[in-house]
Amino acid sequence: MKIKQYWYSLAALFLMLSACTESVKTDLSQTAFIPKPVSVTASGSAFELNGATVVYVQEGVDGLLSSAEFLSNKINNFTGSAVTTETVSAAPAKGIYISVASGMPAQAYELNIDKKLVKITGADAAGCFFGIQTLLQTLPVKSNTGEPLVIPTGTITDHPDFGYRGAMLDVARHFFSVEEVKQFIDFLALYKMNVLHLHLSDDQGWRIEIKSWPKLAEIGGSLEVGGGTGGFYTQEQYSGLVQYAADRQIMIVPEIDMPGHTNAALASYAELNCNGKATELYTGTRVGFSTLCTDKEVTYQFIDDVVRELAALTPGPYIHIGGDESHSTPLEDYIPFVNRVQEIVVKYGKKVIGWDEIANATPVEGATVQFWADVENTTMGVEKGAQVLMSPAARAYLDMQYDSTTHLGLHWAGYIEVDNGYNWDPASLVPGIGKDKILGVEAPLWSETVTNIDEVEYMVFPRLPGYAEIGWTAPDQRNWDEYKARLGKHGNRFEDLGIDYYKSALVPWE
Ligand code: TNX
């Protein structure tokens with residue numbers, strides 16, 4: 001009798017335990033997705049992922065195969081197995097199936113997880129890739145633990161609030177290698193961000209090869225802040241980055257900052273200076289002291305060549321012309337300069353983005369002002385017909401310190417703790433600039449104090465997922481208390497990826 005009781009209670013305990021673990025693994029709604037999807041419905045069972053799983057992809061859709069291969073590679077790295085990718089003309093009965101369908105908003109996807117079949121249906125290739133990222137977040141954090149990979153079943157429907165969700169990396173103040181930029185791209189991809197803005201030139205460095213003006217990279221690219229060795233991307237390397245990003249549904253927006261922030265160019269070519277003398281290379285961190293010579297014709301020939309070469313290398317629709325802090329260019333010179341540069345961008349088939357100061361000129365059709373500091377400029381830009389890209393320094397600058405003890409970064413726009421970075425809504429930040437005027441959201445990382453990828457990681461994580469969610473998830477679906485619990489569950493993911501992140505005391509890390 002005693003022994004029988006013992007066995008009964010043991011069996012009961014076992015059932016309870018397995019029910020517990022089961023309930024975690026089979027309840028899709030318990031997954032800490034970032035960004036938070038539009039809707040998640042759990043159906044209470046599980047799909048088992050193993051070495052025999054095949055990733056099927058609908059034939060004849062541009063960009064789908066590379067996404068399918070991205071997924072297979074991730075699963076293989078994760079499980080140590082050799083999952084394969086196959087192109088098919090109709091949905092299979094089991095496995096993972098990636099396809100597109102009409103009738104969904106741009107970048108939308110639906111993820112249907114069944115016991116036998118996982119279906120990722122996108123509005124387009126981007127939607128499919130974002131669905132893949134959601135699927136990857138259902139997997140356990142630790143790779144190669146030997147445990148079977150079970151994915152809870154259910155349905156997710158999802159689409160982004162803003163089409164443009166980006167981050168900027170300043171590769172001019174400190175240079176970052178191709179490998180480091182690829183790691184940065186990987187970070188963006190994890191959270192469905194789709195734009196990498198590269199700040200390619202500044203006083204301290206010119207970082208892109210321009211074949212018709214070779215000294216820009218050779219001389220202008222040679223140093224960086226602090227006087228160390230700089231660097232530049234050859235055109236082949238830049239194209240490689242464009243492709244690497246495109247395979248992750250990310251477009252690159254290249255920026256050539258002008259007429260200020262141009263000392264590296266002015267040091268490379270004497271004729272770009274009004275006095276005809278090349279400047280010294282500069283490795284400090286002051287701003288506002290340099291300007292191209294706005295009334296020399298050679299300046300516009302130079303810009304024409306740079307924009308022509310850059311436009312040819314950049315499949316995305318935008319060229320960023322900078323335009324910020326041109327304190328050494330009188331406004332009466334700045335305005336015609338910006339207008340002429342915009343025409344050059346248009347001539348090469350691209351759309352203009354510029355920092356909010358360009359609103360002082362006349363924005364061309366389709367131009368975007370990037371709000372970073374000045375509400376008046378931004379409002380003026382909108383009145384003149386431009387769209388707005390939201391990068392408010394006090395909220396979205398990844399180079400701002402978390403608090404006064406942060407060993408990297410600046411604080412001219414304030415300290416940005418993780419809650420402060422998350423808790424704002426792009427469409428109600430500036431009175432009169434509603435959602436219909438806003439292209440999207442971008443978080444810039446300036447690199448005066450940031451010298452390598454580990455330091456980038458520390459400034460970017462854990463704030464980046466918050467900016468990704470601000471861009472993706474509608475404001476009425478977001479609140480800090482609920483978000484911080486989800487973010488806390490991503491700490492292990494950061495660690496598993498080797499990301500050196502700031503362990504904010506405001507977040508309940510698990
Ligand atoms: C302002 S933001 C700048 C940059 C600096 C940054 C540092 C902007 C358009 N200009 O030149 O790197 O502050 O936070």
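For the structure itself, consult the block above.
Residues numbered from 1 in each chain as written. Predicted model: local features only at pLDDT ≥ 70, side-chain atom pairs only at ≥ 80, totals over all residues. Heavy atoms only, no water.

Student: I tried to follow the overall build of the chain on my own but got confused; where do I start?
Tutor: Assigned secondary structure in the chain consists of 17 helices and 17 strands. For the chain, whose C-alpha radius of gyration is 25 Å, the value lies close to the compact-globule estimate of 24 Å for 510 residues. Counting all 510 residues of the chain, 55% fall into the buried class. Long-range contacts, defined here as pairs at least 24 residues apart, represent 71% of the contacts in the chain between residues at least 6 apart. Taken together, the 37 basic and 63 acidic charged side chains of the chain have centroids lying 7 Å from each other. (Helix = DSSP H or I, 4+ residues; strand = E, 2+ residues; numbered from the N terminus. Rg over C-alpha atoms; globule rule 2.2 N^0.38 Å. Buried < 20%, exposed > 50% of the residue type's maximum accessible area, 1.4 Å probe, protein only. Contact = heavy atoms within 4.5 Å. Lys, Arg positive; Asp, Glu negative; His and termini not counted. Charge placed at Lys NZ, Arg CZ, Asp CG, Glu CD.)

Student: Teacher, can you tell me more about the site of the ligand here?
Tutor: Around the ligand, the surrounding shell holds 13 residues, and the nearest of these are R173, Y397, D399, W412 and E448. One of the side-chain N or O atoms of D324 is found 2.9 Å from a nitrogen atom in the ligand. The side chain of E325 places a nitrogen or oxygen atom 3.2 Å from an oxygen atom of the ligand. When the ligand sits alone it has 360 Å² of accessible area, and the protein chains cover 97% of it. When the residues that make up the shell around the ligand are grouped by side-chain class, the tally is seven nonpolar, one polar and five charged. (Near = heavy atom within 4 Å. Polar contact = N/O pair within 3.5 Å; in protein donor to acceptor, adjacent residues only side chain to side chain. Areas by Shrake-Rupley, 256 points an atom, 1.4 Å probe, with all protein chains shown as cover. Nonpolar A, V, L, I, M, F, W, Y, C, P; charged D, E, K, R; others polar.)

Student: I would appreciate a short explanation of helix α2 (residues 64–79) in the present structure.
Tutor: Each full turn of the α-helix corresponds to 3.6 residues, which orients residues three or four apart in the same direction. Helix length check: α2 (16 residues) gives 22 Å between terminal C-alpha atoms against 22 Å at 1.5 Å per residue, within 8%. Taken residue by residue, α2 has L64, S67, A68, F70, L71, S72, I75, N76 and F78 as its buried positions. G80 occupies a position one or two residues after α2 and carries a positive phi of about 75 degrees. (Expected span 1.5 Å × (residues − 1).)

Student: Before we go on, may I ask you to explain the pattern of salt bridges in this structure?
Tutor: Should their charged atoms come close, side chains of opposite charge can pair. Going through the model one piece at a time under the given rule, you end up with 17 salt bridges. For R173, the salt bridge is made with D170, and the minimal N-O distance between the two is 3.0 Å. One salt bridge in this structure joins K182 and E179, with 3.9 Å as the shortest N-O distance. With a gap of three residues between them, K182 and E179 both fall in helix α4 (residues 178–190), about one helical turn apart. Residue classification places K182 among the partly exposed positions, given a relative accessible area of 21%. When salt bridges that share partners are traced, they join K36, E469, E482 and R486 into one network. (Salt bridge = Lys/Arg side-chain N within 4 Å of Asp/Glu carboxyl O.)

Student: Explain the state of the cysteines here, please?
Tutor: Between two cysteines, a covalent bond joining their sulfur atoms is known as a disulfide. For the structure on display, the rule yields one disulfide. Between C274 and C293 runs a disulfide, and the two sulfur atoms are separated by 2.1 Å. Where C274 bonds to C293 through sulfur, the torsion about that S-S bond is close to 100 degrees, and the disulfide is right-handed. With a gap of 19 residues between them, C274 in the loop between α7 (263–268) and α8 (297–313) and C293 in the loop between α7 and α8 connect regions that are remote in the sequence. For C274, a relative accessible area of 55% puts it in the exposed group. Overall, C293 belongs to the buried group, its relative accessible area being 2%. (Disulfide = S-S within 2.5 Å.)

Student: Could you clarify how one ought to interpret the environment of S39 in this entry?
Tutor: Along the chain, the position of S39 falls in strand β1 (residues 39–49). Judged by relative accessible area, S39 falls into the partly exposed class, the value being 27%. Spatially, the C-alpha atoms of S39 and V253 are 31 Å apart, while their sequence positions differ by 214 residues. Aside from chain neighbours lying at most four places away, what touches S39 is T155, I156 and T157. Here the side chain of S39 touches T157 through a polar contact of 2.8 Å, side chain to side chain.

Student: Where do I start with the packing of aromatic side chains in this structure?
Tutor: What describes a pair of aromatic rings is the distance from one ring centre to the other and the angle between the planes of the rings. Inspection of the entire model under this criterion finds 26 aromatic pairs. Here the aromatic rings of Y300 and F337 are separated by 5.9 Å at their centres, their planes lie at 50 degrees, and the arrangement is tilted. Taken together, the residues Y300 in helix α8 and F337 in helix α9 (residues 331–347) connect sequence positions 37 residues apart. Residue Y300 is classed as buried on the basis of its relative accessible area, which comes to 7%. On the basis of relative accessibility, which here comes to 1%, the residue F337 falls in the buried class. Centre to centre, the rings of Y458 and Y502 are 5.9 Å apart; their planes meet at 75 degrees, and the pair counts as edge-to-face. Of the two residues, Y458 is situated in helix α14 (residues 453–460) and Y502 in the segment after α17 (491–496); the sequence distance between them amounts to 44 residues. Across the pair, exposure class does not vary: Y458 and Y502 are buried alike. (Phe/Tyr/Trp six-rings, centres within 6.5 Å; stacked < 30°, edge-to-face > 60°.)

Student: How should the pairing of strand β4 (residues 95–100) be read in this particular structure?
Tutor: Look at any regular strand and the pattern is simple: side chains alternate between the two faces of the sheet. β4 sits mainly inside the fold: five of its six residues count as buried. Alignment of β4 against strand β6 (residues 117–122), held across six bridges, turns out to be parallel. Bridge assignment links V100 to a residue of β6, and that residue is G122. (Pairing = 2+ DSSP bridges.)

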